[in-house]
Amino acid sequence: MSPLIPPSDFRQLCGRFATGVAVVTTRLADGSPIGMTANSFTSVSLEPPIVSICVDVASALHDTLTRAERFAINILARGQEEVSRAFASGNDRQFHAHQWGQRPSSLPALQGAVAHIECRHHTAVRAGDHSIILGLVTGGVIGDGPPLLFYQGRYHGLGSA
Ligand SMILES: Cc1cc2nc3c(=O)[nH]c(=O)nc-3n(C[C@H](O)[C@H](O)[C@H](O)COP(=O)(O)O)c2cc1C
């Protein structure tokens, strides 16, 4: 069997894949909104419409997100680096410091996002130290402006990399 590459090499390799930046949001049982920055978002299936995100099993929000009946993917716009940083920090995810609204679905929607994609839990599959969470897409809103990009560990805008 071929040996596996070290984590640092793996990071370097995968860092060559430019992504957008999303904040996955849902509500806790008491109704409070929570969110986590994730760039592992992918569209998986057209019919039915399915998307996925991967969540670190060590993340404080792992169990919440893998069990959430509904969640939303907020695709960040250029200029929302601060939002990305805030929702990647381990405390209260700073919902109070950022403008957000409530959709008819009651899912928290971050203001200024270029898209808000609403999902119903489909499956969660453990893969190594992450879980792949699959969601059926039940709705969404398209916003304005260019997206925030993430490449080689840094934020970029279209054309800036
Ligand atoms: C640009 C960016 C992308 C990220 N993408 C993911 C991701 O796809 N999956 C994930 O589990 N964590 C991702 N993280 C890290 C989480 O946002 C978060 O910091 C981590 O889960 C630690 O959370 P904790 O302090 O609650 O444990 C990303 C962070 C940044 C800044």
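Before reading on, note that the structure itself is shown above.
What you are looking at is a predicted structure, and each value in this text was computed from that prediction instead of being measured.

(A) Structural detail: the overall build of the protein chain. In terms of helices and strands, the protein chain carries three helices and 12 strands. Dimensions of the protein chain, computed from C-alpha atoms along their principal axes, come out at roughly 50 × 35 × 35 Å. If you take every contact in the protein chain between residues at least 6 apart in sequence, the share linking residues at least 24 apart comes to 64%. Once the 12 positive and 12 negative side-chain charges of the protein chain are each reduced to a mean point, those two points are 2 Å apart.

(B) Just the side chain of serine 105, in detail. Topologically, serine 105 is positioned in the loop between β7 (100-102) and β8 (108-110). Overall, the relative accessible area of 16% leaves serine 105 in the buried class. Looking at serine 105, its side chain comes within polar contact range of the main-chain nitrogen of leucine 107, at 3.2 Å. If we skip the residues at most four places from it in the chain, serine 105 touches Arg70 and Glu118.

(C) Geometry of the sheet that holds strand β5 (residues 50-56). Here we have seven strands laid out as an open sheet, ordered β3-β2-β6-β9-β10-β5-β4, and antiparallel in their pairing. Bordering the open sheet on either side are β3 (33-38) and β4 (42-45), each of which pairs with just one other strand. Across the sheet, the mean angle from the axis of one strand to that of its neighbour is 35°, orientation sign disregarded. Pairing between β5 and strand β10 (residues 130-142): seven bridges, direction antiparallel. Counterpart to isoleucine 50 in the pairing with β10 is leucine 136.

(D) Layout of the environment of phenylalanine 17. Its location among the elements puts phenylalanine 17 in the loop between α1 (7-14) and β1 (19-20). Between the C-alpha atoms of phenylalanine 17 and phenylalanine 150, which are 133 residues apart in sequence, the distance is 8.7 Å. Sequence-distant contacts of phenylalanine 17, defined by excluding residues within four places in its chain, comprise Phe150 and Tyr151.

(E) Spotlight on the sheet that holds β1. Taken in spatial order, the three strands line up as β1-β11-β12 in an open sheet, and their pairing is antiparallel. Edge positions in the open sheet fall to β1 and β12 (154-156), since each of these has one partner strand only. Here β1 pairs with strand β11 (residues 149-151) via two bridges, running antiparallel. Bridge pairing in β11 places glycine 20 opposite leucine 149.

Conventions adopted
Residues numbered from 1 in each chain as written. Predicted model: local features only at pLDDT ≥ 70, side-chain atom pairs only at ≥ 80, totals over all residues. Heavy atoms only, no water. Helix = DSSP H or I, 4+ residues; strand = E, 2+ residues; numbered from the N terminus. Contact = heavy atoms within 4.5 Å. Lys, Arg positive; Asp, Glu negative; His and termini not counted. Charge placed at Lys NZ, Arg CZ, Asp CG, Glu CD. Buried < 20%, exposed > 50% of the residue type's maximum accessible area, 1.4 Å probe, protein only. Polar contact = N/O pair within 3.5 Å; in protein donor to acceptor, adjacent residues only side chain to side chain. Pairing = 2+ DSSP bridges. Axes fitted to C-alpha atoms, helices over the stretch in contact; angles between N-to-C directions.

Function cannot be read off these values alone, since they describe shape.
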